[in-house]
Amino acid sequence: MTGADDLRSREDGLGWVTRAVFGDQRITLVVDAPVPAGHTVVARYAVVPSVDRARFLLPLGSSRATAAALLAYNALRPVKVRAVRAALGVAARAGVVARAPFPVLSVAVPAALDPAEVLLAERLSTELGGGRAYAACGVRPPDPNHKPTLQLFDHAGTPRGYAKIGWNDATRALVTAEAAALREVAEVAGVAGHPATPRLLAETNWAGQAVALVEPLPTGVRGVPVDAPPELAALLAVARRGRPPATPRPLAGSSFLDRLTVAAQRAAETDPAGARAVAAVAELARRHGDVAVEFGHWHGDWVPWNLGRHAGELVAWDWEHSGPDVPVGFDLAHDAFQRSLVLRGEPAATAAEQVTQWLDRYGDRLGLDPARRRLVADAYLIEMWLRTWRLADAGAGWNPALHPALLDVIEKRQ
């Protein structure tokens, strides 16, 4: 199917996903219709619940793989979502989904064409060592900050890999950053206190997209309660990468402050609000330049929904904002900020106050005295606004919860 009837021409989530996953125009997509002569069907999907309200592309051809696409890691999802997926998964395992009146998307290629040349799932199955891989994909409204993802299963429904697709400047940068972080973290696997982390299985560029294929999470992983206390020992293990505590260094002259300065100046070149960020960084240096703090790595998005437990061990995923040489305590600050902003829906000012409260409550266990706690809080909030700017500048748009409200909060703290 090509032209106006092609799913890839739609402006909704189904169009967004099919453009990312089946972008090569040699691929023909048809729904509930025969494929053109001279073409071979290489995959079939149930579009659940309908084309206009699509939420899932479920692979057909193996009832176990279809069921696994719904049931795998269901314990990590919210209760209502879990219930719907569980019911569909049981039906899929019994073969009901394949016989249900869901629209069926057939993916076809010219008979003479090797599917691995044009199909991302085929390419990824090769990276996994061959064998048929069944790819499932969730469908959500298009968002320049979100990434289409593929879950890959074998015929028996065993998870084989999880692929993130970076399709614009913002998401390509995130996928590339996560791949780099996973390579680095693999070097400290097994270090006492460090959370277990899925391995990077492959990284590839595909039709202008950045793709990271990541090891599946352990099948028995369970989510960390959203009201659980912070994992302080694990935060320190991430920061120090298995090494002894680093000698504190002044903020002034640090590569971290240099990076903030450069990023703020770049923001000022592209957006009028950037001038406020430049002033905020200068004020940070004036107020805290003489404060010596330990620098280390951070996960970058350390929140309960990116953490789980398996066999008594903490597991951490989604490392796409990870980076080195930041003040130790940034992950604690982020955990506090996001629980307030995202979980409780509180404004940026309240979330910033939560950062201060958590640093006061737990900071001494991270080696943070009052002066260091103030530095960490102020620097973290600037870092968060600059992250918001980077995503907006790369095409993801401004996060209305953080801009311009977070700049207002930063200036009031000065």
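The structure contained in this document is the topic of the report that follows. (Residues numbered from 1 in each chain as written. Predicted model: local features only at pLDDT ≥ 70, side-chain atom pairs only at ≥ 80, totals over all residues. Heavy atoms only, no water.)

1. Topic: the pattern of salt bridges
Item 1. Taken as a whole, this structure holds 27 salt bridges when the rule is applied.
Item 2. Residue Glu320 is joined to Lys164 by a salt bridge in which the shortest nitrogen-to-oxygen separation is 3.4 Å. On the criterion of sequence distance, the pair formed by Glu320 in the loop between strand S15 (313-316) and strand S16 (323-327) and Lys164 in strand S7 (residues 159-166) is long-range, its members being 156 residues apart. Accessibility assignment for this pair places Glu320 and Lys164 in one class, buried. (Salt bridge = Lys/Arg side-chain N within 4 Å of Asp/Glu carboxyl O. Helix = DSSP H or I, 4+ residues; strand = E, 2+ residues; numbered from the N terminus. Buried < 20%, exposed > 50% of the residue type's maximum accessible area, 1.4 Å probe, protein only.)

2. So, the packing of helix H10 (residues 330-343) against helix H12 (residues 370-396)
For any two helices packed against each other, the geometry comes down to the angle between their axes and how far apart the axes lie.
Item 1. Remark: H10 packs on H12, axes separated minimally by 10 Å, with the N-to-C direction vectors making an angle of 65 degrees. Comparing the axis directions of H10 and H12 gives the class roughly perpendicular. Pair H10 / H12 crosses with right-handed handedness. Side by side, H10 and H12 meet where Phe330, Ala333, His334, Phe337 and Gln338 of the first sit next to Val376, Ala379, Tyr380, Leu381, Glu383, Met384 and Arg387 of the second. (Axes fitted to C-alpha atoms, helices over the stretch in contact; angles between N-to-C directions. Parallel < 35°, antiparallel > 145°, perpendicular 65-115°, else oblique. Left-handed = near helix turned anticlockwise from the far one by under 90°. Contact = heavy atoms within 4.5 Å.)

3. Points about the sheet that holds strand S8 (residues 200-206)
Item 1. Across the sheet, nine strands lie side by side as S1-S4-S2-S3-S5-S6-S7-S9-S8; this open sheet has antiparallel pairing. The sheet is open, and its two edges are formed by strand S1 (28-31) and S8, each paired on a single side. Across the sheet, the mean angle separating the axes of adjacent strands is 25 degrees when strand polarity is ignored.
Item 2. As defined by bridge partners, strand S6 (residues 149-153) adjoins S7 across five bridges and the pair is classed as antiparallel. Bridge pairing links Thr149 to Lys164 in S7. (Pairing = 2+ DSSP bridges.)

4. Observations regarding helix H13 (residues 405-413)
For the α-helix, the turn length of 3.6 residues means that residues three or four positions removed from each other point alike.
Item 1. Taken residue by residue, H13 has Leu406, Leu407, Val409 and Ile410 as its buried positions. Taken around the axis of H13, the buried residues stretch over an arc of 160 degrees, which confines them to a single face.
Item 2. The elements touched by buried residues of H13 are helix H9 (274-288), H10, helix H11 (348-362) and H12. (Arc of directions from axis to C-beta.)

5. Topic: the packing of aromatic side chains
Item 1. Taken as a whole, this structure holds nine aromatic pairs when the rule is applied.
Item 2. For the ring pair Phe256 and Phe330, a centre distance of 5.6 Å and an interplane angle of 80 degrees mean the geometry is edge-to-face. Of this pair, Phe256 sits in helix H8 (residues 255-270) while Phe330 is found in helix H10, placing the two residues 74 residues apart along the sequence.
Item 3. Note on Phe330: relative accessible area 0%, which makes it buried.
Item 4. Look at Trp298 and Phe330: their rings are 5.3 Å apart centre to centre, the planes differ by 70 degrees, and that puts the pair in the edge-to-face class. Here Phe330 lies in helix H10 and Trp298 lies in strand S13 (residues 295-298), a separation of 32 residues in the sequence. Summarising the burial analysis for this pair, Trp298 and Phe330 share the class buried.
Item 5. An aromatic cluster of at least three residues, connected via ring pairs, comprises Phe256, Phe295, Trp298, Phe330, Phe337 and Tyr380.
Item 6. Across from the ring centre of Tyr134, 4.4 Å away, lies the NZ or CZ of Arg132, which sits over that ring. (Phe/Tyr/Trp six-rings, centres within 6.5 Å; stacked < 30°, edge-to-face > 60°. Lys NZ or Arg CZ within 6 Å of the ring centre and 35° of its normal.)

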